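# A look at the structure
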Number of protein chains: 2
Amino acid sequence: MKEGKKGNLSYIFDPASIAVIGASKQTMKWGFIVPANIVAGGWKGELYPINPHEEEILSRKVYRSIKEVPGDVDLAVVTVPAQKVVPLVRECVEKGVKGCIVISGGFSETGEDGALLEKELLSVVSSSEMRLVGPNTMGVFSAPNSLHCLMPPVRPLKGKIAFAAQSGNLGTQMLSLGSALGVGFSRFVSIGNEADLKWADYIEYFGNDPQTGVILLYMEGVRDARKFIEVASRTSSKKPIVVKKAGRTKSGAKAAKSHSAALAADEVIFDGVIKQTGMVEVDTTEEMLDVAKAFAVLPLPKGKRVGVLTWGGGWGVVAADALEQHGLELVELPEETLKELDEFLPPYWSRGNPVDLVGTLDLSQHFRCSEILARCPVVDAVISLGTMGATTSFQSFVEDSPALEKELELSAGFDAAASEEFVRQLAATEEAYRNEVVKLVNETNKPIVVVAFPSPEDGGSRLASHSDVVVYPSPERGAKALAALYEYKKYLQSLE
Amino acid sequence: MKEGKKGNLSYIFDPASIAVIGASKQTMKWGFIVPANIVAGGWKGELYPINPHEEEILSRKVYRSIKEVPGDVDLAVVTVPAQKVVPLVRECVEKGVKGCIVISGGFSETGEDGALLEKELLSVVSSSEMRLVGPNTMGVFSAPNSLHCLMPPVRPLKGKIAFAAQSGNLGTQMLSLGSALGVGFSRFVSIGNEADLKWADYIEYFGNDPQTGVILLYMEGVRDARKFIEVASRTSSKKPIVVKKAGRTKSGAKAAKSHSAALAADEVIFDGVIKQTGMVEVDTTEEMLDVAKAFAVLPLPKGKRVGVLTWGGGWGVVAADALEQHGLELVELPEETLKELDEFLPPYWSRGNPVDLVGTLDLSQHFRCSEILARCPVVDAVISLGTMGATTSFQSFVEDSPALEKELELSAGFDAAASEEFVRQLAATEEAYRNEVVKLVNETNKPIVVVAFPSPEDGGSRLASHSDVVVYPSPERGAKALAALYEYKKYLQSLE
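### Looking at the overall build of chain A
Counting its secondary structure elements, chain A contains 17 helices and 20 strands. Burial analysis of chain A (496 residues in total) assigns 60% to the buried set. Here the analysis covers contacts within chain A between residues at least 6 apart in sequence; of these, 74% occur between residues at least 24 apart.

Next up, the structure:
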């Protein structure tokens, strides 16, 4: 166990031992589900169920109280009803427990009585070395030690995004959505009522966490604005902070007040906070994952000049619009680059940016174009549209081929085997293209964003699961993510 | 075969017979792929391959020229190189063919020589009863007769959306995306260079088509603005027209000019066109399908007052923001409705809109809330967040249970069978909830929008495939779609 000063959140995210206060044998109680999640998730530390009336839970010896646990306890997780929480947390303090997560609801979020109870809880914690998550939290997730100390049984992908959410439900569902979309997390915390630990504490911890490359926040309100701004400013000079601020409208602020009871910041004031702290604000919940993933995987662009490779003119037009709308530039390619492309593109190609491959099935041309665009000195970033996912539209053709074959029984015209082979080759080429994108990003240190459309077969998950490539389902979302990278780059430059 | 006046597009979308001029035995030629698509897609008419050098293609007797075909030909599909097109199309005219699709590229989109060729082509067509799609088109799709006269082998879902696209690539990929997202189409046309048939003609045809409930346009520019505005205005008074206008920025307009060579409308002028015609403009390609599906499936809301049902406060806040941002109203619920909800919601519920079910696993409460909201007299539309898709987060828990069981071998604490049964029940309840939504929409004639998050298992496709319910992956997209319905409703009211 690490020795640490007050405020060391590693006891919460990297505990060597956990006591569950209110552990239960009843499978539909949180006192069972949370420790079962921890066990099933693969965490390797010492787990102590605490319950005065049981002998054994989850194959572990049960202790009647935390004080009876023989060794040190890094983290206590409390699932008992609100009225019983305070004395049990006091015992944790007396035991010398370093961190505490109060899952239980029924505190300030429910009204005045609950607020009083929360005040009492805080006074117990404040006088100690122990730090408190919650109350009214869905828990924490920590990838390095596979700690799934969460109410819902989600299994997030591991990655570089640390995520703090002021809504446990939204937060844990985003973790789950991340698994569907290939977005991985290093840490997660449902911040709950922030009786003790607040936004600033989590941001500070994530900022110093070597496992974390990007910080993602779902925020409804701020309780300690001054400290928040100070820590967020300091942190975002070394790591990007992506924030979705909910409650930006009157209706939203009202709903937020009823939900998290945190002081919703005035919209105008929050604009100032964004500017002052250099946080990157996103407009929608979908953009939270889109943008966080871009930061987690890609280098920042040096400027705003984008080269677009497209497999169809329409998508190129849509991308051009989206780039300009988000403040990026569809850069004019130098004559030298055009000549390089002339060498292998058909004579009628558009000779400009977007580079339109006009539906060619020869994917080697996509490789050459991608490389030429990525290495072009005036190009700071590349969007590649339609090359990945190219196989799926051919899949259905081959799937139809049995029917077709029957139809053609006497005809020598259709060679189904050749078509299947063609699709296999396309799939192999697609995998190779993915590797090429990774290689080009590493060699040129420029971001390459891939756009591929979800197919009926996989709903996009097959493509998304390649976590080393950033894949979006539309050019607009790709352009938006790229713009976020550029916005942060400009912020960093403004600090120089 | 129908007798019709010039301009009867049913010969193109509902032909009884098709001749493919340039039919081929080579499987990688469009002269094979297009008719093979038609055959594999299940169209039941007479197919005549035309090729002077073959005897049999796709089990059909080959004719040396269209003039040798014994019976009438409704539609000719031309895949030969541009230079050979004009004389062959002249033969079609002489044969009395009613409709013609020139797939071949190499016309006005390639420069001056191509433009001259296109002019020549048009003069042949103009002097006849025949109408022409393209040239430079990827073809048409028609659901009622399963006609897949398309270059790419896509198999769209059948539905009520007629879609015209000024980019074959984007258009056909959207059809394919629709299959992934549960969005079905009645007709599709890749309009190509519009030498003869133009926007107005297709809109007019779709407007009168009983199979079509919504018209969707991907538009880069307009060649005949006056007629377009006249027909679009007339049509949108009876059917919604959803339009994505690309080339709205300088970069986009420039890219569009190089792509479709259509006159890109000035952005300011196009704003006027939207206003004048009552078309519903969407901002992104994703919104094209989101909004078109809402129109295809849901009734229009009578007003802007929305009731929100949520399974977690955070999503409610996000929905509240999105509603206000899109001009909708998170309506205050009358005391009577609150009292109805009091009867079964926990005492600490928020007593307001959004109605927050605070993660309850008792889905019968979701049913009751949905019904109360839908029947509430001040509610014009409902958004239901998180009930559908609820099972997925529990799936992983059960999937983990073998590992857990092993861990618990000696413990009686964990009943995996009971958990599996629980998930089965949730899944059955989810299906029942879907039916309940359909029933409530029919009974109340109010739109209900469902939000469910894609899961790692199905990427969202399982939920989306229920084509009688409108499901979006985020509250923001649900609110946007609802706002589009309301915008159109207001337009219709303005005509009264």
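### Structural notes on the sheet that holds strand E11 (residues 184-190) of chain A
Residue and element names in this part refer to chain A. Ordered in space as E9-E8-E11-E10-E12-E13-E14, the seven strands form an open sheet in which the pairing is mixed. Each of the sheet's edge strands pairs with one partner strand only, and the pair in question is strand E9 (147-150) and strand E14 (280-281). As paired strands, strand E13 (residues 241-245) and E14 are joined by two bridges and run parallel to one another. Looking at the pairing, valine 242 lines up with valine 280 of E14. Most of the contacts of helix H2 (residues 30-41) go to E9, to which it runs at about 165°, and overall it touches strand E8 (139-142) and E9.

### So, the sheet that holds strand E1 (residues 17-21) of chain A
Residues and elements named next belong to chain A. Spatial ordering of the open sheet is given by E2-E1-E5-E6-E7, a layout of five strands whose pairing is parallel. What marks the edges here is a single partner per strand, and that holds for strand E2 (46-50) and strand E7 (131-133). Adjacent strand axes in the sheet meet at a mean angle of 20° when their direction is disregarded.

### Considerations on the packing of helix H11 (residues 313-325) of chain B against helix H17 (residues 475-495) of chain B
Residue and element names in this part refer to chain B. The contact between H11 and H17 brings their axes to 9 Å, and the two run at 30°. Two packed elements cross with a definite hand, and for H11 against H17 that hand is right-handed. The segment H11 lies against H17, with Trp315, Val318, Ala319, Ala322 and Leu323 engaging Pro475, Glu476 and Ala479. Partitioned by chemical class, the residues of the contact of H11 with H17 number seven nonpolar, no polar and one charged.

### Describing helix H3 (residues 82-95) of chain B
Along its 14 residues, H3(B) runs 20 Å from first to last C-alpha, staying within 8% of the 20 Å computed at 1.5 Å per residue. Contacts from the buried residues of H3(B) go to strand E5 (75-78), strand E6 (99-102) and helix H4 (112-126) of chain B.

### Describing the environment of A:Leu323
Mapped onto the secondary structure, A:Leu323 falls in helix H11 (residues 313-325). On the neighbour-count criterion, A:Leu323 (32 C-beta atoms within 10 Å) is buried. Separated by 17 residues in the primary sequence, A:Leu323 and A:Glu340 have C-alpha atoms spaced 24 Å apart. Once residues lying within four places of it in the same chain are set aside, the contact partners of A:Leu323 are A:Val306, A:Leu328, A:Glu329, A:Leu330, A:Ala479 and B:Ser251.

### Regarding the pairing of strand E15 (residues 305-310) of chain A
Residue and element names in this part refer to chain A. Most of E15 sits inside the fold, with six of its six residues counted as buried. Here E15 shows two buried faces, one formed by Arg305, Gly307 and Leu309 and the other by Val306, Val308 and Thr310. As paired elements, E15 and strand E16 (residues 329-330) share two bridges and run parallel to each other. Of the residues in E16, the one forming a bridge with arginine 305 is glutamate 329. At this point the chain moves from E15, through H11, to the parallel E16, and the crossover so formed is right-handed. Note that E15 and strand E18 (residues 381-385) share five bridges and pair parallel.

### Quick notes on the environment of B:Ser186
Here B:Ser186 shows up in strand E11 (residues 184-190). Beyond its immediate chain neighbours, meaning those up to four positions away, B:Ser186 contacts B:Ala143, B:Gly159, B:Lys160, B:Ile161, B:Ala162, B:Asp209, B:Gln211 and B:Thr212.

### With respect to unusual backbone geometry
The step from A:Asn353 to A:Pro354 runs through a cis peptide bond, and the omega angle for that step is 5°. Structurally, A:Pro354 is set in the loop between helix H12 (335-342) and strand E17 (355-356). B:Gly134 connects to B:Pro135 through a cis peptide bond whose omega is 0°. Relative to the elements of secondary structure, B:Pro135 occurs in the loop between strand E7 (131-133) and strand E8 (139-142). Backbone geometry at A:Glu194 places phi at a positive 55°, although glycine is not the residue there. Locating A:Glu194 in the fold gives a position in the loop between E11 and helix H6 (199-208). On the neighbour-count criterion, A:Glu194 (27 C-beta atoms within 10 Å) is buried.

### A few points about helix H13 (residues 363-375) of chain B
Every α-helix carries 3.6 residues per turn, so stepping three or four residues along brings you back to the same face. Its 13 residues give H13(B) an end-to-end C-alpha distance of 19 Å, which sits within 8% of 18 Å, the value for a rise of 1.5 Å per residue. Those residues of H13(B) that fall on the buried side of the exposure criterion are B:Leu363, B:Gln365, B:His366, B:Cys369, B:Ser370, B:Ile372, B:Leu373 and B:Ala374.

### Things to note about the pairing of strand E18 (residues 381-385) of chain B
Within E18(B), five of the five residues are buried, which leaves it mostly tucked inside the rest of the structure. The alternating pattern of E18(B) places B:Ala381, B:Ile383 and B:Leu385 and B:Val382 and B:Ser384 on opposite faces, both of which are buried.

### What to know about the environment of B:Gly182
With respect to the element layout, B:Gly182 can be found in the loop between helix H5 (168-181) and E11. In this structure, the C-alpha to C-alpha distance between B:Gly182 and B:Val471, residues 289 residues apart in sequence, is 9.0 Å.

### Digging into the confidence of the model for chain A
Residue and element names in this part refer to chain A. With 86% of its residues at a pLDDT of 70 or more, chain A shows a mean pLDDT of 88. Scored below 50 in pLDDT, residues 1-5 shows six contacts in the model against residues more than four places distant or in partner chains. In the predicted structure, residues 407-414 sits below a pLDDT of 50 and forms 18 contacts with residues beyond four places in sequence or in another chain.

Conventions we followed
- Residues numbered from 1 in each chain as written.
- Chains lettered and ligands numbered in written order.
- Predicted model: local features only at pLDDT ≥ 70, side-chain atom pairs only at ≥ 80, totals over all residues.
- Helix = DSSP H or I, 4+ residues; strand = E, 2+ residues; numbered from the N terminus.
- Buried ≥ 20, exposed ≤ 12 C-beta atoms within 10 Å, placed from the backbone.
- Contact = placed C-beta atoms within 7 Å.
- Pairing = 2+ DSSP bridges.
- Axes fitted to C-alpha atoms, helices over the stretch in contact; angles between N-to-C directions.
- Left-handed = near helix turned anticlockwise from the far one by under 90°.
- Nonpolar A, V, L, I, M, F, W, Y, C, P; charged D, E, K, R; others polar.
- Expected span 1.5 Å × (residues − 1).
- Right-handed = clockwise from strand over helix to strand, strands pointing away.
- pLDDT = per-residue confidence, 0-100.

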